[in-house]
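# Chain and residue survey
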Amino acid sequence: MNGLTNYVSCGVLWLGLAVKAPDLVRHRHDPYLRAICAVLCLAGLCFFLGAPPTIGAVNRLSGVPNLAAPLTYAAITAYGAASQVLIVRWRGGVGVRRVARRWIVAYAGVILGIAVAFTLGDAPVERRTDLDTYYARTPFIAEMIVLYLVAHLTAATVTMVSALSWARQVTGWLRAGLLVLGVGTLCNAGFSAAKLVAVSARWSGRDWAALDTNVSPAAAGLGALLTSVGILVPLTGPRLAERHRARRAYARLAPLERELDGVLTRRALRLPRPRWSVPHALLMWRQTSVQNALGYLDGTWDPLLYAETREAALRASADPARAEATAWAAVIAEAALRDGERGDDERGDGERGRGWPASARSGSPGPVGAQGADAAAAVGATGVFSPTGTAATSGAVGAEAPREAGLLPRLSGVPGAGPVDLVAVADALRESALVADLRRRLRGADAANGVNGVNEVRPV
């Protein structure tokens, strides 16, 4: 046998160890990380030592027939103890160190028993794949076999029960990881149970060696895969979910960035796009570009257009949040189009026309824009973009300003952080028939009547 199953299982487990190794280096005194890495390392070592080519090499280099057997059994026993310590550390509670120490001491005694039994026994014939059943009736060697199998079965059973019972009390990625870990330890229990049945059959004169040579390795390989996945899921799952959410938000913000593309290009407000960046960096880049443009347009929002669009959207959908986003999409589209027309007619004095604040008329705002920089600083500090040019206080997030004062509800710079976020506005730009119709009529009115006609178009 070439031991392919063993080496593949070992590779999977040590790949998981490689994933966690950098964290262990940075936090070497974290007992939880040490327990995780110990489980992955010892599980992989079990499969490596149990591979027939490795067994032959150990026996040949040591000059002791079957020396690989007690080494493999000791690694399996240590893995069982490490699994118990991991569950104890993972769950926490009172007396964690004491319980973990008891498991370590108990299984250290089992390893000592394995060494003593092998020393007292006699196993002169090398057996690479069926040593458990071949020496099942040999004094001391049989005791060594039963000792490690019972210890492994006990550890696997306790780990399985602990993981599955705990999974009923938690949710999310932790629950998924515990369920997978529980199934993996069930397969590990099947490994030792199959071997014990084969050994018991040997005692009664039956030959069920297939359980030892075929069933138990398959159960161990599947158990290794599931155990590795179960340990890594709660650790890597949230990170992958965050990356997915960032990638999705980045894609959903594209319509809003396209709507503001003219402003970003004319006013040099877009930062260089990062290359080979993670989704979070790309999302931050797109959010920053959008916020720069919104900050530059701040002061040009048309409150009457907002109110009328919101009312029309509310009649159509009966969804206040969606109506808010649609209204914001309308005023942003109108302001961006008006800025484009103003940009074509701008003179040396930098006059931006009706509705533009005096601070923007005082001169060129630079690459980001003075007002855009203020808005970006406000967003960075509070997570909320305020169209009034001031940062929103935490107690007023999502509060709607008085309509009679000419102010609009705040836009959230972070998806989900407020009643109207940028992603919702981008969705409205892409999906709302009301916004699409308004945009067409705005452009039509502009072509027929000039810039001033844009301000007279209202939603039907």
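All figures in this text were calculated on a predicted structure; none of them were measured in a lab. Residue indices begin from 1 for each chain and proceed along its sequence in written order. With pLDDT at 70 or above as the cut-off, local features in this predicted model cover only qualifying residues; side-chain atom pairs require 80 or more to be listed or tallied, and sums for whole chains, interfaces and linings still use all residues. Hydrogen atoms and water are omitted, and side-chain values are computed over all heavy atoms in the structure.

As for its position among the elements, Asn6 is in helix H1 (residues 4-26). Between buried and exposed lies partly exposed: a residue is buried under 20% and exposed over 50% of the maximum accessible area for its type, with that area taken using a 1.4 Å probe on protein chains only. For Asn6, a relative accessible area of 15% puts it in the buried group. Discounting residues that sit within four places of it in the chain, Asn6 has contacts with Phe47, Gly50 and Ala51. For helices the rule is a DSSP run of H or I covering at least 4 residues; for strands it is a run of E covering at least 2, with both sets numbered from the N terminus onward. Contacts between residues were defined by any pair of non-hydrogen atoms, one from each residue, lying within 4.5 Å.

Below, the discussion takes up the packing of helix H8 (residues 172-203) against helix H9 (residues 209-252). Between N-to-C directions, angles cover 0 to 180 degrees, with each direction set by a line fitted to C-alpha atoms, over the stretch in contact for helices. Viewed as axis vectors pointing N to C, H8 and H9 meet at an angle of 165 degrees, and their least axial separation amounts to 8 Å. By the criterion of interaxial angle, the relationship of H8 to H9 is roughly antiparallel. Helix-helix and strand crossings are classified by hand; for H8 and H9 the assignment is left-handed. Each residue is assigned to one of three groups, with Ala, Val, Leu, Ile, Met, Phe, Trp, Tyr, Cys and Pro labelled nonpolar, Asp, Glu, Lys and Arg labelled charged, and all others, Gly among them, labelled polar. A per-class count over the contact of H8 with H9 returns 24 nonpolar, 10 polar and two charged. Angles below 35 degrees are treated as roughly parallel, those above 145 as roughly antiparallel, those between 65 and 115 as roughly perpendicular, and all remaining angles as oblique. Take the far helix as your reference; a near helix turned counterclockwise from it by less than a right angle gives a left-handed crossing, and one turned clockwise gives a right-handed crossing.

By convention in these notes, a salt bridge is any Lys or Arg side-chain nitrogen within 4 Å of a carboxyl oxygen on Asp or Glu. All told, the structure shown has 21 salt bridges when counted by the stated rule. Across the pair Arg239 and Asp23 runs a salt bridge whose closest N-O atoms are separated by 3.8 Å. A residue pair is termed long-range when its members are at least 10 positions apart, and Arg239 in helix H9 and Asp23 in helix H1 qualify at 216 residues. Judged by relative accessible area, Arg239 falls into the exposed class, the value being 51%. Among the residues examined, Asp23 registers a relative accessible area of 9% and is labelled buried. Close ionic contact of Arg338 with Glu334 constitutes a salt bridge, the shortest N to O distance being 3.1 Å. With Arg338 and Glu334 both in helix H14 (residues 320-345), this residue pair falls four residues apart, about one helical turn. Owing to a relative accessible area of 4%, Arg338 belongs among the buried residues under this scheme. Relative accessible area serves as the criterion here: at 1%, Glu334 is assigned to the buried category. Residues joined in a network through salt bridges with shared partners are Lys20, Asp23, Arg26 and Arg239.

Now for the packing of aromatic side chains. Here a pair means two rings of Phe, Tyr or Trp (six-membered ring of Trp) with centres within 6.5 Å. Their orientation is stacked below 30 degrees between planes, edge-to-face above 60, and tilted elsewhere. By the definition in use, this model includes nine aromatic pairs. Ring geometry for Trp14 against Phe48: centres 6.1 Å apart, planes inclined by 35 degrees, an arrangement best described as tilted. One end of the pair, Trp14, is in helix H1; the other, Phe48, is in helix H2 (residues 31-50), with 34 residues separating them in the sequence. Accessibility expressed as a relative area gives 33% for Trp14, which makes it partly exposed. On the basis of relative accessible area, Phe48 is assigned to the partly exposed category, the value being 34%. Members of the aromatic cluster, connected to one another through ring pairs, are Tyr7, Trp14 and Phe48. Here, a charge over a ring is recorded when the distance from Lys NZ or Arg CZ to the ring centre is within 6 Å and its angle to the ring normal is within 35 degrees. Positioned above the aromatic ring of Tyr250, the side-chain terminus of Arg286 is 3.9 Å from the ring centre.

What follows deals with the environment of Val8. Looking at the element boundaries, Val8 is found in helix H1. For Val8, a relative accessible area of 46% corresponds to the partly exposed category. Sequence separation between Val8 and Gly44 is 36 residues, and the spatial gap between their C-alpha atoms is 9.4 Å.

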